[in-house]
Each structure stands twice: as C-alpha cells, then as structure tokens.
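What the coordinates show
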Amino acid sequence: MSERGLTVRLRQSSPIALDAEISCARGELLALVGPSGSGKTTLLKAIAGLLRVRSGLINCGDETWLDTDRAIHVSPQQRRVGVVFQQYALFPHLSALANVMEALHDVPAAERRARGLGWLERLHLRGLEHRKPAQLSGGQQQRVALARALARGPRVLLLDEPFSAVDRMTRLKLYEEVADLRRDLAMPVVMVTHDLDEALLLADRMSILSDGVILQSGLPFEVMTRPESPRVAGLLGHRNIFRAGVLEHLPQRGATVIEWRGHRLRARLQSQFAVGRQVTWTIPRSHVVLVGRGTAGESGQENAVDGVVAQLVRLGENASIVVHVGGSDRPPVFLSVPMHVVRGHDIAPGAQVALRFLPEAIHLMPGDRDPSRRAHVRAMQTDNI
C-alpha cells in the first residue's frame, strides 16, 4: 500500500447527512468520536462500501475505491476491508477456527487451517479453536472477530465500538492487545467510539463528529484540552463553558487577560483574539482549584474568585462540587477534588469558598454569534459577562 494511507471525502444531504473529510496514515489509529446518531457508523459503512453516498472520494494507497465524479464504486469484496463490529457478528454454528476461515475463501484450501490457527494464536486463543461462540467469553469472542478481520489481509481495519460489550477489565486487556498488534500492522485503523478515555488511550488522532460533520481533528489530548468551538467543548463533556471579554495581551508574560463577571482572569497567551472581542472560554474541572473556605481576598492568589457551594457529591475518594459564582442565576462552576481536601477545609453545601482558575488551562474560543450555533450555546446555558 502507498504511504498515503486512507483519505475520505463524503458529501450528501440525504437520506443520511454527511459532510466529512478524514485521513488516516498507514500504521495510524484514527478515533471517530461523537454522540449516538452523529454519523460515525455511517462513515465506516461508506468506507467499507456497504453504503453508497451521493458525492465523494475514497482513496486507499494507490487505489481509488470511490469517485462519484468518475462513476467509480469498488465493491466491498474488492476493497479488502477488515471490520470488527460491536456485537462480534460471529456465526453461532461455527467454531472459532471456522469463523476465522470464513475470511479466507481466496486462500488455497490447504493453507486456510494453518492461516486461521496462526491468527487465533496471535490473538491468544490457542486451544479454543474448536469452541463455538456461545462457549467463549465476550473478550474471547471479540478476539475471534478481530482475528477474522485481520486474516484476510485487509488494507484498512475498521473498528465499530469494538470494546463496548465487554467488562472493564477485559476491555483494558483488549486495549493492550490492539496496541501490540498496531505496532506490527502497517495499515490505517479507523475506530468508532463514544468513550473519550478509549480514544485518549489508543488513538494517534481524533476527529469529532456531529450530525454527519467533522467539527475538529487533531491529537487527542490537543482536541480534548483545546476545542475549537463551544459546540466541540460541549460534545467533549466540558461543563465549564462561559462568556468573557478580552481585556489585553501580555506577550512578555505569555498571558491574555479576560474579564468574567467582574473578575480579571489571566489565561495563557491567545493573541489571535482581538482586544475588546467577546469570546467563549472553558477550563477542565480538574484545573479549578478549591483554595478553601473564606474569600478570594483572603487567599491573595491570582485568578481567585468567591463562590458558594451549591452541591457536593462524593465519588469514591473524590468529590464533584458545583459552585455558584456571582449568583445562583448564572451557570455554575464545576470542579473535582480529592475527599481529603473537602474534609480538610470542612466543605459542605452552603459554604462560602474561594476558587482559583489555573491560567494555563483557560482556553478561549470564538464567541458564538453564528445563528446555527446559538441553540447549542443556549442549551449549555452559556452566560454573558
């Protein structure tokens, strides 16, 4: 396969809307992340040739699998795509070995058994080749499905929520095995998932998909911590999404100063936003520090604000805290802290506390004046200054 890997451009308004462009290099794992109904599985089906789209281009290496302008539509069989589904899709009446051999029809009959056994052994299934799916655990069934997908020598591997049907411990083991396999497989791997932790653990790059549209692509940690819009931030589970105004840039200090609810907050330098501009900003709950009971003035710390605890929920050895800043009629601030901090400061609902926003974690985004985004911003109850 060419070093170019997989490139996909798809457009259509119906029956399922798509406006997506993705690329995945050889040996790279791209995670497609988005809510249910966002078009993730539709995109996989189009790559596999199981869904015809009205307008698009799909290249894999030196091969063109789809080019609607030139009336090219290569069949699924000719594309040699390996697909692993959420529910395994194994033949219940066949053994593990027979399931894998189903992918080897183009291999000489004398070689099929040895090839199938080789893949089962590589997926740690040695000795289980005669068992039928009902006699295998969920993790073992998923390994058989992966062995079958890889046995046919695919040019691209597509994983559709492959770990969601197994328990957490099995999932972690499968993560390790997929990571090991990827080191040896020189092919693009595209994985659909709704699990952000899964994407962070496994993916080289991540694309955020909503309503059939790719909203942002990049390194997983970069996308998670630096969303390009409030819409992406909301899809990524950010709860602290607010409006502010840009006051000044201080390049010598690597800082941008914003005004939020009467407070001057220092953020990392983001000079692409003009002074005077209205922006949206976000900060992970893990980067909101509980300074303690009392007032921000007593703490004397930069980026400290006063608030009142509205809710405190213990989650194991951590606590999820909701704090009202500037009144209960405005969207609250969310933070997560260890329980020993809660106990040490005697934090409880109704307590007045001081919070500090860590400057390096304050991320600015364009203010949402685009009518197409307003409904989403209202749904998140993003506030004005």
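Let us look at the structure shown here. Quick caveat, the model's predicted, so the values are computed rather than measured.

Rules and cut-offs
Residues numbered from 1 in each chain as written. Predicted model: local features only at pLDDT ≥ 70, side-chain atom pairs only at ≥ 80, totals over all residues. Heavy atoms only, no water. Axes fitted to C-alpha atoms, helices over the stretch in contact; angles between N-to-C directions. Helix = DSSP H or I, 4+ residues; strand = E, 2+ residues; numbered from the N terminus. Parallel < 35°, antiparallel > 145°, perpendicular 65-115°, else oblique. Left-handed = near helix turned anticlockwise from the far one by under 90°. Contact = heavy atoms within 4.5 Å. Nonpolar A, V, L, I, M, F, W, Y, C, P; charged D, E, K, R; others polar. Salt bridge = Lys/Arg side-chain N within 4 Å of Asp/Glu carboxyl O. Buried < 20%, exposed > 50% of the residue type's maximum accessible area, 1.4 Å probe, protein only. 1 Å grid on protein atoms, 1.4 Å probe; cavity = no way out; pocket = protein on both sides within 12 Å on 5 of 7 lines; lining within 4 Å. Points joined across faces, edges and corners; volume = space filled by probe spheres on them. Pairing = 2+ DSSP bridges. Phe/Tyr/Trp six-rings, centres within 6.5 Å; stacked < 30°, edge-to-face > 60°. Lys NZ or Arg CZ within 6 Å of the ring centre and 35° of its normal.

1. Considering the packing of helix 4 (residues 109–122) against helix 5 (residues 138–151)
Across the interface, helix 4 lies against helix 5 with an axial gap of 9 Å and an inter-helix angle of 130°. As judged from the angle between their axes, helix 4 and helix 5 are oblique. Helix-helix and strand crossings are classified by hand; for helix 4 and helix 5 the assignment is right-handed. Seen from helix 4, the contacting residues are Arg115, Trp119 and Leu120; seen from helix 5, they are Val144, Ala147, Leu150 and Ala151. In terms of residue class, the contact of helix 4 with helix 5 is built from six nonpolar, no polar and one charged.

2. Some thoughts on the pattern of salt bridges
Counted according to the given criterion, the structure contains 14 salt bridges. We note a salt bridge from Arg155 to Glu63, for which the minimum N-O separation is 3.5 Å. Of the two residues, Arg155 is situated in the loop between helix 5 and strand 8 (156–160) and Glu63 in strand 5 (residues 63–67); the sequence distance between them amounts to 92 residues. Close ionic contact of Arg143 with Glu177 constitutes a salt bridge, the shortest N to O distance being 2.8 Å. Here Arg143 is found in helix 5, whereas its partner Glu177 is found in helix 6 (residues 168–184), with 34 residues between them in sequence. In this structure, Arg143 and Glu177 share a single accessibility class: buried. Shared partners join several salt bridges into a network, and the residues in it are Arg11, Asp19 and Glu21.

3. Quick look at the layout of surface pockets
The calculated volume of the largest pocket comes to roughly 670 Å³. Along its surface, the largest pocket is lined by 26 residues, and Met224, Thr225, His238, Pro284 and Ser286 are the ones closest to its centre. Listing elements by their share of the lining of the largest pocket, those giving two or more residues are helix 7 (196–202) and helix 8 (220–225). With four residues, helix 8 is the largest single contributor of residues to the lining of the largest pocket. Class assignment for the residues of the lining of the largest pocket results in 11 nonpolar, eight polar and seven charged. The volume enclosed by the second largest pocket comes to roughly 540 Å³.

4. A closer look at the pairing of strand 2 (residues 18–24)
Here strand 2 shows a clear split, with Leu18, Ala20, Ile22 and Cys24 buried on one side and none of Asp19, Glu21 and Ser23 buried on the other. The pairing of strand 1 (residues 6–12) with strand 2 spans seven bridges and is antiparallel. Residue pairing for strand 2: Leu6 is matched across the bridge by Cys24. In this antiparallel pair of consecutive strands, strand 1 and strand 2, the connection spans five residues.

5. Structural notes on the sheet that holds strand 14 (residues 263–268)
Sheet architecture is open: five strands sit in the order 14-13-12-15-21, paired in antiparallel fashion. Two strands bound the open sheet, and with one partner strand each, they are strand 14 and strand 21 (363–366). Strand after strand, the sheet turns through a mean of 50° between neighbouring axes, direction not considered. Taken together, the six bridges between strand 13 (residues 255–260) and strand 14 define a ladder with antiparallel strand orientation. Considered in strand 14, the bridge of Thr256 is made with Ala267.

6. What to know about the sheet that holds strand 17 (residues 304–315)
Taken together, five strands build an open sheet; the order of strands is 16-20-17-18-19 and the sheet is antiparallel. With partners counted over all chains shown, the strands left at the sheet margins are strand 16 (288–293) and strand 19 (333–338), one partner each. Across this sheet, the average inter-strand angle for adjacent strands is 45°, counted without regard to direction. In this structure, strand 17 lies alongside strand 20 (residues 352–357), joined through five bridges in antiparallel fashion. Of the residues in strand 20, the one forming a bridge with Val305 is Leu355.

7. Some thoughts on the packing of aromatic side chains
Scanning the entire structure with this criterion turns up six aromatic pairs. On the basis of an interplanar angle of 50° and a centroid distance of 5.2 Å, the ring pair of Phe242 and Trp260 is categorised as tilted. Pair noted here: Phe242 is in strand 12 (residues 241–250) and Trp260 is in strand 13, with a separation of 18 residues, a long-range link. Side by side, Phe242 and Trp260 carry an identical accessibility label, which is buried. On the numbers, 5.5 Å between centres and 85° between planes, the contact of Trp281 with Phe357 is edge-to-face. Residue Trp281 is found in strand 15 (residues 278–282), and its partner Phe357 is found in strand 20; the two are separated by 76 residues along the sequence. Judged by relative accessible area, which is 0%, Phe357 ranks as buried. A network of ring pairs unites the aromatic residues Phe242, Trp260, Trp281 and Phe357 as a single cluster. Sitting over the face of the ring of Phe334, Arg239 holds its NZ or CZ atom 4.1 Å from the ring centroid.

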